[in-house]
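# Fold and contact review
For reference, the chains in residue letters:
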Amino acid sequence: MTEVSVTKDAAPATDELVVLGGVNKHFGALHVLQDIDLTITRGEVVVVIGPSGSGKSTLCRTINRLETIDSGSITVDGKPLPQEGRELARLRADVGMVFQSFNLFAHKTVLQNVMLGQVKVRKTDKKAAEDRARQLLDRVGVGVQADKYPAQLSGGQQQRVAIARALAMDPKVMLFDEPTSALDPEMINEVLEVMQQLARDGMTMIVVTHEMGFARSAANRVVFMADGRIVEEATPEQFFSNPRSDRAKDFLSKIL
Ligand code: ADP
Ligand code: MG
């Protein structure tokens, strides 16, 4: 019997999961992303903060190609972003996204919302998709709501369903764009707790948020953006106790 040895050297050479290099994006005359270099490694939780209009949402949207870029490169798991078709649908499954507005399908039940992408994009059979959906709905604490419609749920519950729906695709990375900004205050924590648990479970996450408590406790790294640029990157400890740039100092003085 011949032994096939797979040494460590045969493993992927890099833990880099999302890599942006020299990314530029304009909306007309507005230079909304300016020379963005950003590398997210597997298992890392990166919190992106910055003033309104600084380009945070656009940055997220370029990573699953909801926006195209004018120059530079973006790779996910070593591959450039596909342009269209089935490959693009697969990219969007690999890069789960949770928005401020929950974006659930209003005319489908909670369970159907979490099953749909699995069946359509991942080609999972219905029984397996349903099992997985119920398991994820339990995990985010809305298992008993499975047969309701989104409008029958609170905002916090809907956002947890949206997280379950993204997770059902077995994403490589999850993007959260201000996931708690539209929620009533008493519902913010139930969503942040689900995100905290995901982070502890090792999910790679890019999170745009104004929740500084979450940033402090969950982030490996804080990226501060202003005027379309990454102005500062640091650990949460460094960033919150000793911001280097005037822009970050100014921003923190207004929100803390
Ligand atoms: P942030 O999420 O940090 O608040 P955005 O990425 O949403 O910032 O927006 C950055 C800038 O780009 C803002 O000035 C915004 O008005 C502008 N912008 C965003 N989307 C569009 C669009 N589709 N068309 C034109 N301008 C846009
Ligand atoms: Mg935004």
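All figures in this text were calculated on a predicted structure; none of them were measured in a lab.

Here Leu167 shows up in helix H5 (residues 155–167). With relative accessibility at 5%, the residue Leu167 sits in the buried group. Residues Leu167 and Arg86, 81 residues apart in the sequence, show an inter-C-alpha distance of 19 Å. Discounting chain neighbours no more than four positions away, the residues touching Leu167 are Arg132, Leu136, Arg139, Met174, Leu198 and Met203.

Here we come to the sheet that holds strand E4 (residues 71–76). Spatially, E2-E1-E4-E5 is the arrangement adopted by the four strands of the open sheet, whose pairing is antiparallel. One side of each edge strand has no neighbouring strand; the edge strands of this open sheet are strand E2 (30–41) and strand E5 (79–80). Two strands pair when backbone bridges link them, and strand E1 (residues 16–27) and E4 are joined in this way by five bridges, in the antiparallel orientation. Opposite Gly21, over in E4, you have Ser73 as the bridge partner.

A separate point is the site of ligand 1. Around ligand 1, the neighbouring residues are Phe27, Leu30, Val32, Pro51, Ser52, Gly53, Ser54, Gly55, Lys56, Ser57 and Thr58. Residue Gly53 places a main-chain N or O atom 2.7 Å away from an oxygen atom belonging to ligand 1. The fraction of the free accessible surface of ligand 1 (560 Å²) that becomes covered by protein chains is 58%. Put simply, the parts of the chain that give the shell around ligand 1 at least two residues each are E2 and helix H1 (56–63). The element best represented in the shell around ligand 1 is H1, accounting for three residues. When grouped by side-chain class, the residues that make up the shell around ligand 1 number four nonpolar, six polar and one charged.

We now examine a positive patch on the surface. A cluster of like positive charges, contributed by Arg86, Lys108, Lys120, Lys123 and Lys126, occupies part of the molecular surface. Mapping Lys108 onto the fold places it in the loop between strand E6 (95–98) and helix H3 (110–120).

Attention now moves to the side chain of Thr209. With respect to the helices and strands, Thr209 occurs in the loop between strand E8 (204–208) and helix H7 (212–218). Taking the relative accessible area as the measure of exposure, Thr209 reaches 3% and is therefore buried. One polar contact links the side chain of Thr209 to the main-chain amide nitrogen of Glu211, over a distance of 2.9 Å. Apart from residues no more than four positions distant in its own chain, Thr209 is found in contact with Val47, Val48, Ile49 and Phe214.

With that settled, consider the UniProt feature "domain: ABC transporter" (unreviewed entry) in the protein chain. Sites flagged by UniProt as "domain: ABC transporter" (unreviewed entry) map to residues 18–252. Split by type, residues 18–252 is 39% helix and 26% strand. Its first and last C-alpha atoms lie 27 Å apart.

What counts as what
Residues numbered from 1 in each chain as written. Chains lettered and ligands numbered in written order. Predicted model: local features only at pLDDT ≥ 70, side-chain atom pairs only at ≥ 80, totals over all residues. Heavy atoms only, no water. Helix = DSSP H or I, 4+ residues; strand = E, 2+ residues; numbered from the N terminus. Buried < 20%, exposed > 50% of the residue type's maximum accessible area, 1.4 Å probe, protein only. Contact = heavy atoms within 4.5 Å. Pairing = 2+ DSSP bridges. Near = heavy atom within 4 Å. Polar contact = N/O pair within 3.5 Å; in protein donor to acceptor, adjacent residues only side chain to side chain. Areas by Shrake-Rupley, 256 points an atom, 1.4 Å probe, with all protein chains shown as cover. Nonpolar A, V, L, I, M, F, W, Y, C, P; charged D, E, K, R; others polar. Patch = residues over 30% accessible without salt bridge, like charges linked within 9 Å, V, L, I, M, F, W, Y side chains within 5 Å. Salt bridge = Lys/Arg side-chain N within 4 Å of Asp/Glu carboxyl O. Lys, Arg positive; Asp, Glu negative; His and termini not counted. Charge placed at Lys NZ, Arg CZ, Asp CG, Glu CD. UniProt positions renumbered as here; feature names shortened; annotations may be inferred.

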